[in-house]
Amino acid sequence: MESYNKPPLTYIQQLDLLASRGLGIADRAKAEKFLSQVNYYRFSAYCLPFEITRHQFKPDATFERIQQLYEFDRQLRFLIDEVLEIIEISVRTTIAYYLANKYGAFVHEEASRFYVNFDHATWINKVHEEICRSKETFIDHYKNKYLGFPRLPLWMAVEVMSFGALSQLYHSLMRDDQIALGKVVGFHSTVLSSWFHTFTYVRNICAHHSRIWNRELSIAMTVPRDGKWHDVNARRIGSVIFAISHFLSKMPIEERIKKKWHAEMDALLMQPVDIANFYHSMGLAEDFQKHILWRVV
């Protein structure tokens with residue numbers, strides 16, 4: 001262990017450092033402006049595929065190519081986050097509708113509706129905390145008109161609970177209810193529970209604007225045993241893209257939204273990002289668009 005003693009660098013010094021390591025910079029003024037908007041430390045993570053060894057760039061590496069990769073990753077993150085929001089809202093609606101109509105408005109408040117080993121008390125307390133922190137108008141209206149606050153009907157509670165809390169709710173339901181909801185998207189409940197967990201994790205990555213294109217996912221999806229999924233790498237973002245495609249085909253989401261997302265993702269992934277093993281880093285084959293999972297919509 002040693003003390004950190006590297007001094008801060010100006011934008012010009014940052015460019016000088018990159019150039020000294022062999023990085024080509026065609027327009028220093030534009031590159032300086034970019035680094036004034038994107039932290040050097042964030043930018044450096046995108047340099048790795050262009051290096052021979054740490055801090056030594058390949059002969060053809062340029063600032064502009066790295067910037068192109070950065071912009072690709074930003075757009076990829078945006079498209080994934082955008083569609084996961086749509087899926088999340090649809091999932092909230094489906095779970096609330098099913099449970100409330102089967103068991104009543106306050107089903108989530110009843111520990112008996114969940115597995116015995118589920119720490120319902122801790123979970124519902126966190127949900128109540130989320131409800132109390134909410135500034136939604138309908139929360140204030142309910143609080144001022146009805147008894148029992150922060151107990152809310154499920155169809156209200158799902159609108160303010162985190163997706164992580166919603167994922168826990170599904171994961172801890174009785175098996176029959178998990179199976180019934182799993183049939184909505186055509187998968188075993190174990191797979192669906194895993195996907196919710198991974199979606200929550202990926203949304204958090206997107207919310208923090210973190211790199212996603214070549215990330216190894218810490219929370220990997222359970223891959224269905226269906227043969228169509230045999231070559232899907234659950235540790236890469238490509239698995240999430242395929243899962244999203246499947247969800248869009250099963251959930252009651254407008255066709256125009258499905259087609260728009262697919263067209264935009266098609267266009268993005270066909271951009272000529274000039275990097276060796278580019279698709280492999282996402283867990284995709286170069287001809288991934290021929291994969292049956294991509295064309296389920």
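Attention in this report is confined to the structure presented alongside it. Quick caveat: nothing in here was measured; it's all calculated off a predicted structure.

1. Here we look at the side chain of Arg 77
Inference 1: Mapped onto the secondary structure, Arg 77 falls in helix H4 (residues 63–103).
Inference 2: Relative accessible area serves as the criterion here: at 7%, Arg 77 is assigned to the buried category.

2. Comments concerning the packing of aromatic side chains
Inference 1: Inspection of every chain in the model, using the stated rule, returns 19 aromatic pairs.
Inference 2: Centre to centre, the rings of Phe 34 and Tyr 70 are 5.5 Å apart; their planes meet at 85°, and the pair counts as edge-to-face. Within this pair, whereas Phe 34 is found in helix H2 (residues 28–37), its partner Tyr 70 is found in helix H4, the two being separated by 36 residues in sequence. Each member of the pair, Phe 34 as well as Tyr 70, carries the same accessibility label: buried.
Inference 3: Between Tyr 170 and Phe 196 the ring centres are 5.3 Å apart and the planes differ by 80°, which places this aromatic pair in the edge-to-face class. Note that Tyr 170 is positioned in helix H8 (residues 163–171) and Phe 196 in helix H10 (residues 189–207), a separation of 26 residues in sequence.
Inference 4: We classify Tyr 170 as buried; its relative accessible area is 0%.
Inference 5: An aromatic cluster of three or more residues is present, and its members are Phe 163, Tyr 170, Trp 195, Phe 196, Phe 199, Trp 229 and Phe 247.
Inference 6: Across the ring face of Phe 106, the terminal group of Arg 151 is positioned such that the distance to the ring centre comes to 4.6 Å.

3. Let's talk about the packing of H10 against helix H11 (residues 237–250)
Two numbers describe a pair of packed helices, the interaxial angle and the distance between the axes.
Inference 1: Put simply, H10 and H11 touch, their axes get as near as 11 Å, and they point 120° apart. The pairing of H10 with H11 is recorded here as oblique in orientation. Judged by the sense of rotation from one axis to the other, the crossing of H10 with H11 is left-handed. Along its contact with H10, which presents Leu 192, Trp 195, Phe 196, Thr 198, Phe 199 and Val 202, the element H11 presents Ile 237, Val 240, Ala 243, Ile 244, His 246 and Phe 247.
Inference 2: Here the contact of H10 with H11 is built from residues that sort into 10 nonpolar, two polar and no charged.

4. Some words on the environment of Val 184
Inference 1: Its location among the elements puts Val 184 in helix H9 (residues 175–185).
Inference 2: Judged by relative accessible area, which is 32%, Val 184 ranks as partly exposed.
Inference 3: Once residues within four sequence positions are removed from consideration, Val 184 is found in contact with Thr 94, Lys 250 and Met 251.

5. Brief notes about the packing of H8 against H10
Inference 1: In the contact formed by H8 and H10, the axes pass within 9 Å of each other and the chain directions differ by 170°. Between H8 and H10, the interaxial angle falls into the category roughly antiparallel. Between H8 and H10 lies a crossing whose hand is left-handed. Contacts between H8 and H10 pair Phe 163, Gly 164, Ser 167, Tyr 170 and His 171 from the former with Ser 189, Leu 192, Ser 193, Phe 196, His 197, Phe 199 and Thr 200 from the latter.
Inference 2: Partitioned by chemical class, the residues of the contact of H8 with H10 number five nonpolar, seven polar and no charged.

6. So, helix H5 (residues 120–133)
Three or four residues apart is the spacing at which side chains of an α-helix point the same way, because the helix has 3.6 residues per turn.
Inference 1: Given a rise of 1.5 Å per residue, 14 residues ought to cover 20 Å, and the 20 Å separating the end C-alpha atoms of H5 matches this to within 8%.
Inference 2: Those residues of H5 not exposed but buried are His 120, Trp 123, Ile 124, Val 127, His 128, Glu 130 and Ile 131. Buried residues of H5, seen end-on, are gathered within an arc of 160° and therefore sit on one face of the element.
Inference 3: Buried positions along H5 lie against helix H6 (137–145), helix H7 (154–157) and H8.

7. Here we look at helix H1 (residues 11–20)
Inference 1: Every buried residue belonging to H1 is among Gln 14, Leu 15 and Leu 18, and all of these are buried. Viewed along the axis of H1, the buried residues span an arc of 95°, placing them on a single side of the element.
Inference 2: Taken together, the buried residues of H1 touch H2, helix H3 (40–45), strand E2 (56–57) and H4.
Inference 3: Backbone geometry just after H1 places Gly 22 at a positive phi near 100°.

Calculation criteria
Residues numbered from 1 in each chain as written. Predicted model: local features only at pLDDT ≥ 70, side-chain atom pairs only at ≥ 80, totals over all residues. Heavy atoms only, no water. Helix = DSSP H or I, 4+ residues; strand = E, 2+ residues; numbered from the N terminus. Buried < 20%, exposed > 50% of the residue type's maximum accessible area, 1.4 Å probe, protein only. Phe/Tyr/Trp six-rings, centres within 6.5 Å; stacked < 30°, edge-to-face > 60°. Lys NZ or Arg CZ within 6 Å of the ring centre and 35° of its normal. Axes fitted to C-alpha atoms, helices over the stretch in contact; angles between N-to-C directions. Parallel < 35°, antiparallel > 145°, perpendicular 65-115°, else oblique. Left-handed = near helix turned anticlockwise from the far one by under 90°. Contact = heavy atoms within 4.5 Å. Nonpolar A, V, L, I, M, F, W, Y, C, P; charged D, E, K, R; others polar. Expected span 1.5 Å × (residues − 1). Arc of directions from axis to C-beta.

The values are spatial; any link to function lies outside them.
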